[in-house]
Amino acid sequence: MGFLRSLGVVGFVSSVQAAVSSTGFTVSLTDIDYFLPPKPVANIAGCDIIASAFKDADFVPFTVVKVNGTLDIASTTAQYAEQDDVWQEAFLEALYIQGSNQPANSSVTVLTGTTSSELNPGPYFINAAGNVYEAWRLYSDKQGAFFESVIASDGDSYSVLPASTVGQKLAIAVPSRLYFTKTTEKPLAGVRMGIKDIYDIKGLRTSNGNRAWYWFYPPAENTATPVQNLIDAGAVIVGKMVTSQFANGEVATADWVDYHEAFNPRGEGYQDTSSSSSGGGAGEASYPWLDVTLGSDTGGSVRGPSQVQGIYGCRPSHDIVSLEHTMPLSPVLDTAGLLARNPILWKEAAQAMYGSNLTITNTYPTRVQTLAWPTTVTSVSDQLLIDFLGNVTDFLDANATAFNITASFSQDNPTLAPLTTILNLTYPLLITKQQIGLVRDPFYADYAAKYDGRRPFVNPVPLARWGWGANASETVAEAIANKTTFMNWSETTFLAPSAQTCSQSLVMYVGSTGRTSYRNTYLTSPGVPFGFSNSRISVFTEVPDFVVPIGEVAYNSTITGHVEYLPVTVDFMVAKGCDGMLFSLIQDLYEAGIVKESLTGRSGITGGEILLKRGLGY
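Residues numbered from 1 in each chain as written. Predicted model: local features only at pLDDT ≥ 70, side-chain atom pairs only at ≥ 80, totals over all residues. Heavy atoms only, no water.

(A) Up close: the overall build of the protein. Within the protein, the regular secondary structure consists of 15 helices and 26 strands. The C-alpha radius of gyration computed for the protein amounts to 26 Å, which stays within 12% of the reference 25 Å derived for 618 residues, consistent with globular compactness. Seen along its three principal axes, the alpha-carbon backbone of the protein occupies a region of about 90 × 65 × 50 Å. Every one of the 618 residues in the protein was classed for burial, and the buried ones make up 56%. Across the protein, the centroid of the 37 positively charged side chains sits 5 Å from that of the 56 negatively charged ones. (Helix = DSSP H or I, 4+ residues; strand = E, 2+ residues; numbered from the N terminus. Rg over C-alpha atoms; globule rule 2.2 N^0.38 Å. Buried < 20%, exposed > 50% of the residue type's maximum accessible area, 1.4 Å probe, protein only. Lys, Arg positive; Asp, Glu negative; His and termini not counted. Charge placed at Lys NZ, Arg CZ, Asp CG, Glu CD.)

Shown next as structure tokens:
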């Protein structure tokens, strides 16, 4: 018999007449904490066993099974234990059997009676009145990846999860995987997702990484389009995830003031997570109970966290999904991207979120163009990259050639300034001047109107960038013109479309090479992100840019005094609109064993317990 300990009943006073409504229940079963949503999913009537079961507990755990023919309890429960992290043997305190007239094992109590509605298989709790509640397991956000834990409430709205558990951080509630069956209409049924806190979700406040913003503005009345598309496909939203302030690039210790950066689980656990999708990268690399996270990429905010944590991440073609009810950094550059450990689930989530704008094709280019790729081995990462390139070209039966973007641009455009000169100010102009008008100025005006002319606190990075942008004489129109010049040229050269293979070439560049970036290092004051690099190519050309983990390299940690490991990743680019081809290619590489699923924990290759977790461990 499982030991059930009530942690309390949570309620709130909703009027002066002391009308009380439940916001759910938290209980502990064999030292595992659960949240029971406030509304029962069914009622079981006419069961005499129920009354006798409540001598020592407010709730009794039980398991619903559906069978055709004879029930084999041992094999059924073994399957449940393998498939689900919420179910445990203590839920065998009783069974409710649907779809079979055969008697269960006599050693297990069988609940009889009639349910008010059909129950999906899995773990539940029942009270003395026969009300049946779902079991949502509570996990501690040990890595500080979540800003707020949430749960669906009435209609299409969400609310903050009113529960906690050991760990000194938020408790995240996840439902049993046994409750869900994927269908054509709900391809993401039961997929657990975290959402970067720049996307509005109806009923919840949005912080954009700023404390004043969170408390100043009311809960959202609408849900952002990318999030709604995921919800419509059956995804379960379990929380809002940490973001650097106003989606600007911030580094731990030096720049994060209002909120703390999430903790990268790789290596010794004290490497920077990159940003701005800090929480999404850390959570995906840390938690097996979290399936996919939604980030955003303007200048690298999905790709950076994916690279340093060794997971899959996509910057999609620009405008592949609309961004209503999403905080802008630069509307001409902003994209919504997904981070995942498994490339097949990653693809499925993308199909749901991007919808009809994502066309899946599986005819691939036979030309690979590399950017600054190693040709001789001077490090372990060099060997990994060279071997990986060989595997990809063999798989595609393709030839690989090196491409020099800046030299080729100058050769094709002899009357123009060098590419690095043309694009030096493009990115900072777009992200500062556009965000000033769309975010800073309305926020400052609203805040000043309420608080007698005062300004809210803003972190050093956005403050420095806004300050530069406000004084820059160059215009957004000039920046867009320079961006367009480069984009038009790229579409006729290394990122040209193809009627047969969607993109004439597969372009590859080095993502991460396992270099350290300790979060306990003090840095200089923040500056403005000038310049041009390989990571900016997709930003300016609007093409898809996908991160793929390929291995890891050793380093001597200054924190643990031991050898630890950090990821090596590669970025793939193709012509604009060829996202579906790229998702298919990466899935095929996965099925061929050339790339692998990323594991959670200290290493994306071997897993392992996360060292020096934030908060208490178990």
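What follows picks up the thread again.
(B) Local environment of the sheet that holds strand β4 (residues 42–45). Strands sit in the order β7-β6-β5-β9-β10-β4-β8 across an open sheet of 7 strands; the sheet is mixed. On the outer flanks of this sheet lie β7 (109–110) and β8 (114–115), each paired with one strand and no other. When strand β6 (residues 94–98) meets β7, the two strands line up parallel, connected through 2 bridges. From the neighbouring strand, Ala 94 faces β7, where its bridge partner is Thr 109. The sheet contacts of helix α2 (residues 73–83) involve β5 (60–66), β6 and β9 (122–126), and relative to β5 the element is tilted by about 105 degrees. (Pairing = 2+ DSSP bridges. Contact = heavy atoms within 4.5 Å. Axes fitted to C-alpha atoms, helices over the stretch in contact; angles between N-to-C directions.)

(C) The arrangement of the side chain of Thr 501 in detail. Looking at where Thr 501 falls in the secondary structure, it is placed in the loop between β22 (497–498) and β23 (502–503). Looking at Thr 501, the relative accessible area reads 14%, which means it is buried. In this structure Thr 501 touches Thr 363, Tyr 364, Pro 365 and Met 581, once residues within four positions along its chain are discounted.

(D) Just the pairing of strand β21 (residues 399–402), in detail. Note: strand β20 (residues 367–371) against β21, 4 bridges, orientation parallel. If you follow Arg 367 over to β21, its bridge partner there is Asn 399. The β-α-β motif built from β20, the intervening helix α8 (residues 380–396) and the parallel element β21 has right-handed crossover chirality. (Right-handed = clockwise from strand over helix to strand, strands pointing away.)

(E) Examining the state of the cysteines more closely. In total, this model carries 1 disulfide according to the counting rule given. Of all cysteine sulfurs, the one in Cys 578 lies closest to Cys 314, which takes part in no disulfide; the gap is 15 Å. Residue Cys 314 is classed as buried on the basis of its relative accessible area, which comes to 0%. (Disulfide = S-S within 2.5 Å.)

(F) A look at the domain arrangement of the protein. The domain boundaries assigned to the protein delineate domain 1 (25–134) and domain 2 (139–617). A separation of 41 Å is found between the C-alpha centroids of domain 1 and domain 2. Facing the 17 residues of domain 1 at the interface are 17 residues of domain 2. When domain 1 packs against domain 2, close to 1,200 Å² is buried across both sides, 57% of that on carbon and sulfur atoms. Linking domain 1 to domain 2 there are 1 salt bridge. A salt bridge links Asp 85 to Arg 192, with the nearest nitrogen and oxygen atoms 2.8 Å apart. Remark: the boundary between domain 1 and domain 2 carries 7 residue pairs in polar contact (both at pLDDT 80 or more). Contributions of two or more residues to the side of domain 1 that touches domain 2 are made by β3 (32–36), α2 and β9. The element contributing the most residues to the side of domain 1 that touches domain 2 is β9, with 3 residues. (Domains from an automatic or database assignment. Buried area = accessible area lost by both parts, 1.4 Å probe. Salt bridge = Lys/Arg side-chain N within 4 Å of Asp/Glu carboxyl O. Polar contact = N/O pair within 3.5 Å; in protein donor to acceptor, adjacent residues only side chain to side chain.)

(G) Molecular detail of the nonpolar core. Residues Leu 338, Leu 506, Met 508 and Phe 572 are the most contacted members of the largest nonpolar core, which totals 76 residues. Among the elements that take part in this core, helix α7 (residues 343–354) stands out by supplying 7 residues, more than any other. Once residues within four sequence positions are removed from consideration, Met 508 is found in contact with Val 368, Gln 369, Thr 370, Leu 371, Trp 373, Phe 388, Leu 389, Val 392, Val 570, Asp 571 and Phe 572. Counting 58 residues, the second largest nonpolar core, distinct from the first, contains Ile 44, Tyr 80, Phe 91 and Ala 282. (Core = buried A, V, L, I, M, F, W, Y, C linked by side-chain atoms within 4.5 Å.)

(H) Representation of unusual backbone geometry in the model. Going from Ser 275 to Ser 276, the amide bond is cis rather than trans, its omega being 20 degrees. Counting through the fold element by element, Ser 276 comes out in the loop between β16 (236–241) and α5 (278–286). In the Ramachandran plot, Thr 30 falls in the positive-phi region, its phi being about 50 degrees despite a non-glycine side chain. Residue placement: Thr 30 occurs in the loop between β2 (20–29) and β3. With relative accessibility at 34%, the residue Thr 30 sits in the partly exposed group. The backbone of Cys 502 sits at a positive phi, close to 70 degrees, despite the residue not being glycine. Mapped onto the secondary structure, Cys 502 falls in strand β23. Under the relative-accessibility criterion, Cys 502 is labelled partly exposed at 23%.

(I) Representation of the environment of Leu 188 in the model. Its location among the elements puts Leu 188 in the loop between β14 (171–175) and β15 (192–196). In contact with Leu 188, not counting residues within four places along its chain, are Leu 230, Ala 233, Gly 234, Ala 235, Glu 348, Ala 349 and Ala 352.

(J) Geometry of the pattern of salt bridges. Tallying each qualifying case throughout the model produces 14 salt bridges. For the salt bridge of Asp 291 with Arg 177, the shortest nitrogen-to-oxygen distance reads 3.0 Å. Of this pair, Asp 291 sits in the loop between α5 and β17 (292–297) while Arg 177 sits in the loop between β14 and β15, and the two are 114 residues apart along the sequence. Its relative accessible area of 10% is what places Asp 291 among the buried residues. When salt bridges that share partners are traced, they join Asp 297, Arg 303, Arg 315 and Asp 545 into one network.

(K) Up close: the sheet that holds strand β18 (residues 312–315). If you trace the 12 strands from one edge of the open sheet to the other, you get β13-β12-β16-β15-β17-β19-β18-β25-β26-β24-β20-β21, paired in mixed fashion. Each edge of the sheet is formed by a strand with only one pairing partner; in this case those strands are β13 (158–160) and β21. Each adjacent strand pair in this sheet contributes to an overall mean axis angle of 30 degrees, direction not counted. Note that β20 and strand β24 (residues 506–513) share 4 bridges and pair parallel. Counted as the bridge partner of Thr 370 is Met 508 from β24. α5 rests against β16, β17 and β19 (335–340) of the sheet, and its axis sits at about 20 degrees to β19.

(L) Focus on the packing of aromatic side chains. Counted according to the given criterion, the structure contains 42 aromatic pairs. When the centroid spacing of 6.2 Å and the interplanar angle of 55 degrees are considered together, the rings of Phe 216 and Tyr 451 count as tilted. A residue pair is termed long-range when its members are at least 10 positions apart, and Phe 216 in helix α3 (residues 211–216) and Tyr 451 in the loop between α11 (426–450) and α12 (460–471) qualify at 235 residues. In this structure Tyr 451 comes out as partly exposed when scored by relative accessible area, which is 32%. Relative to Tyr 444, the ring of Phe 443 has its centre 6.5 Å away and its plane inclined at 40 degrees; by these criteria the two rings are tilted. Among the aromatic residues, those joined into a cluster by ring pairs are Trp 213, Phe 216, Tyr 217, Phe 246, Phe 443, Tyr 444, Tyr 447, Tyr 451 and Trp 466. Note that Arg 205 overlies the ring of Tyr 214, its terminal NZ or CZ placed 5.8 Å from the centroid. Residue placement shows Arg 519 over the ring face of Phe 263; its charged tip is 3.8 Å from the ring centre. (Phe/Tyr/Trp six-rings, centres within 6.5 Å; stacked < 30°, edge-to-face > 60°. Lys NZ or Arg CZ within 6 Å of the ring centre and 35° of its normal.)

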